[in-house]
Amino acid sequence: MSYERYIEEVTEDVSLCLENMGCQPILFVGSGISKRYFNGPNWEQLLRYLASNCPRIEEDFLYYKQTYNKDLIEIGKVFSDKYREWAWREGKDFFPPELFEEDTPPDIYIKYMIKEYLEKITPDSLSQIQSKYSEEISALQEIRPHAIITTNYDNFLEMIFHEYTPIIGQQVLKLNHTSIGEIFKIHGCISKPESLILTSDDYKEFTTKKKYLSAKLLTYFAEHPLLFVGYSAEDPNIKSILCDIDEIIATNNELIPNIYILEWDDEIRKKALPSREKLISVDPHRSVRIKSIVADSFDWVFKAFGTNGAIEKVNPKLLRAIIARTYEMVRCDIPRKTVEVDFKILENALNIEGELAKIYGITTLTNPTALNAGYPFNLTQVANQLGYKSWHHANRLIEQIKVETGINIKTSDNKYHIRIKVGNTDFSKYSEAAVILLKKVKNKEQYTVEV
């Protein structure tokens with residue numbers, strides 16, 4: 001099989017995942033994206049820069065790497081102490097006066113220097129990025145992800161997704177979010193240097209609270225397509241997150257069908273075709289299987305994840321504001337929540353028929369209540385009704401019906417299935433009759449298909 005065919009198959013797989021989950025993907029972005037587009041540093045490169053700019057760090061970086069057994073977190077703590085000593089002595093003129101107040105945290109000096117460095121090297125606009133990446137960045141923007149999660153400190157993602165709202169550090173844990181159009185900066189941001197997760201003390205506090213972060217992210221991992229980009233498969237950030245959630249989203253070492261990792265290899269066309277799966281060891285006794293994509297151009301991958309037009313032409317900031325003002329949304333499977341309605345924001349949309357639905361990224365229906373009652377499930381929810389944790393099990397049963405009867409219940413509107421057009425994308429909804437039919441197939445009982 002050629003690499004071109006590999007691209008086609010991966011694109012088809014991503015498209016099917018988007019269709020069956022019926023929602024926008026989540027992006028989990030690492031330092032590789034900053035390195036790709038403006039030569040931003042990875043963690044070790046950042047520490048090397050810090051070592052070269054503090055007179056109190058007298059030894060070569062390799063000395064510290066050897067002394068602390070390559071533990072970059074511990075090296076960050078040592079460097080932080082060195083920067084504090086420098087700042088309070090001969091380096092005082094390099095820092096603003098307010099950093100020397102009584103309540104200032106002792107690690108603020110190294111974090112301030114990180115802020116200064118990243119602000120200096122981060123482009124002021126996308127026009128400063130090399131033109132060869134223009135189409136790729138446009139494709140990344142067109143994904144219009146539900147949300148973005150990142151361990152990066154810099155503000156480059158805010159430049160790409162300028163309509164999205166950054167949620168920084170501990171705010172991720174403290175605030176109730178509308179959970180759309182947000183950039184979760186879980187390791188902090190240079191806009192608030194004190195929020196940066198850098199030293200061993202920072203990581204101890206982060207690890208203590210990480211279980212709450214993982215709980216917040218679990219819904220994303222379970223209900224959305226997820227793309228890791230800018231990380232290697234061995235990155236400790238990926239392993240740490242997957243370690244916390246694999247017992248819930250993966251059982252019996254099964255492939256997690258909605259999580260992808262994208263890795264760069266500019267020689268990939270000269271090699272054997274890459275595996276479509278990646279086994280990631282999250283601790284000495286556990287591994288997680290996710291889908292793998294290896295590419296020498298990210299353009300086609302971003303385009304594949306951007307095929308879902310559910311919120312095309314919708315401003316995520318406006319959508320976030322509208323959702324925040326929706327009142328008393330009551331469903332049987334989520335907690336009740338009452339929030340204030342702001343009629344000024346909704347006024348224009350309410351005065352024009354169909355506009356409010358467009359703001360929410362849906363189309364108007366003659367009788368939406370009847371439709372939701374008749375076809376209440378997406379494919380993931382159908383799978384849950386059958387005792388499975390992910391949609392691909394239910395999809396296999398549908399494929400089995402197709403093989404055994406020649407009928408594909410997904411290709412038409414019928415008593416089991418209906419397709420709803422949302423923007424430029426069709427979504428499938430399923431009825432209780434579909435659950436009953438698939439349960440019979442699962443249990444190897446006799447069944448008939450009535451379309």
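Small disclaimer: the values here were computed from a predicted structure and weren't measured.

Student: Is there a simple way to explain the side chain of Thr-122 in this structure?
Tutor: Residue placement: Thr-122 occurs in the loop between helix 6 (108-121) and helix 7 (134-142). Overall, Thr-122 belongs to the buried group, its relative accessible area being 9%. Here the side chain of Thr-122 touches Leu-118 through a polar contact of 2.5 Å, landing on its backbone oxygen. Discounting chain neighbours no more than four positions away, the residues touching Thr-122 are Phe-38, Asp-154, Phe-156 and Met-159.

Student: Any chance you could explain the packing of aromatic side chains here in plain terms?
Tutor: The geometry of two aromatic rings is summed up by the distance between their centres and the angle between their planes. All chains considered together, the criterion is met by 25 aromatic pairs. Note on Tyr-37 and Tyr-133: the rings are 5.2 Å apart at their centroids and 80° apart in plane angle, and the pair reads as edge-to-face. A residue pair is termed long-range when its members are at least 10 positions apart, and Tyr-37 in helix 2 (residues 31-38) and Tyr-133 in the loop between helix 6 and helix 7 qualify at 96 residues. Pair check on accessibility: Tyr-37 and Tyr-133 agree, each one buried. Seen from their ring centres, Phe-95 and Tyr-109 are 5.6 Å apart, and the 85° between their planes marks the pair as edge-to-face. Placement of Phe-95 in the loop between helix 5 (72-88) and helix 6 and of Tyr-109 in helix 6 is noted, with a sequence separation of 14 residues between them. A network of ring pairs unites the aromatic residues Tyr-83, Trp-86, Trp-88, Phe-94, Phe-95, Phe-100, Tyr-109 and Tyr-112 as a single cluster.

Student: Would you mind showing me how to read the environment of Ile-259 here?
Tutor: Assignment of secondary structure puts Ile-259 in strand 6 (residues 255-264). By relative accessible area, Ile-259 is classed as buried at 0%. Sequence spacing of Ile-259 and Ile-26 is 233 residues, and the spatial spacing of their C-alpha atoms is 9.5 Å.

Student: Quick question: what am I supposed to make of helix 6 here?
Tutor: The α-helix winds at 3.6 residues per turn, so residues separated by three or four positions along the chain end up facing the same way. The end-to-end C-alpha distance of helix 6, which contains 14 residues, comes to 20 Å, matching closely the 20 Å that a straight helix rising 1.5 Å per residue would cover. Among the 14 residues that make up helix 6, 10 are buried, leaving the element largely enclosed by the rest of the structure. Ile-108, Tyr-109, Ile-110, Lys-111, Tyr-112, Met-113, Ile-114, Lys-115, Tyr-117 and Leu-118 are the residues of helix 6 that are buried. In this structure, the buried residues of helix 6 make contact with helix 3 (43-52), helix 5 and helix 10 (200-223).

Student: I would appreciate a short explanation of unusual backbone geometry in the present structure.
Tutor: Keep in mind that most residues, glycine aside, have a negative phi and that most peptide bonds are trans. Not every positive phi belongs to a glycine, and Asn-39 is a case in point at roughly 60°. Note that Asn-39 resides in the loop between helix 2 and helix 3. Here Asn-39 falls in the exposed class, since its relative accessible area comes to 56%.

Each value, and the rule that gives it
- Residues numbered from 1 in each chain as written.
- Predicted model: local features only at pLDDT ≥ 70, side-chain atom pairs only at ≥ 80, totals over all residues.
- Heavy atoms only, no water.
- Helix = DSSP H or I, 4+ residues; strand = E, 2+ residues; numbered from the N terminus.
- Buried < 20%, exposed > 50% of the residue type's maximum accessible area, 1.4 Å probe, protein only.
- Polar contact = N/O pair within 3.5 Å; in protein donor to acceptor, adjacent residues only side chain to side chain.
- Contact = heavy atoms within 4.5 Å.
- Phe/Tyr/Trp six-rings, centres within 6.5 Å; stacked < 30°, edge-to-face > 60°.
- Expected span 1.5 Å × (residues − 1).

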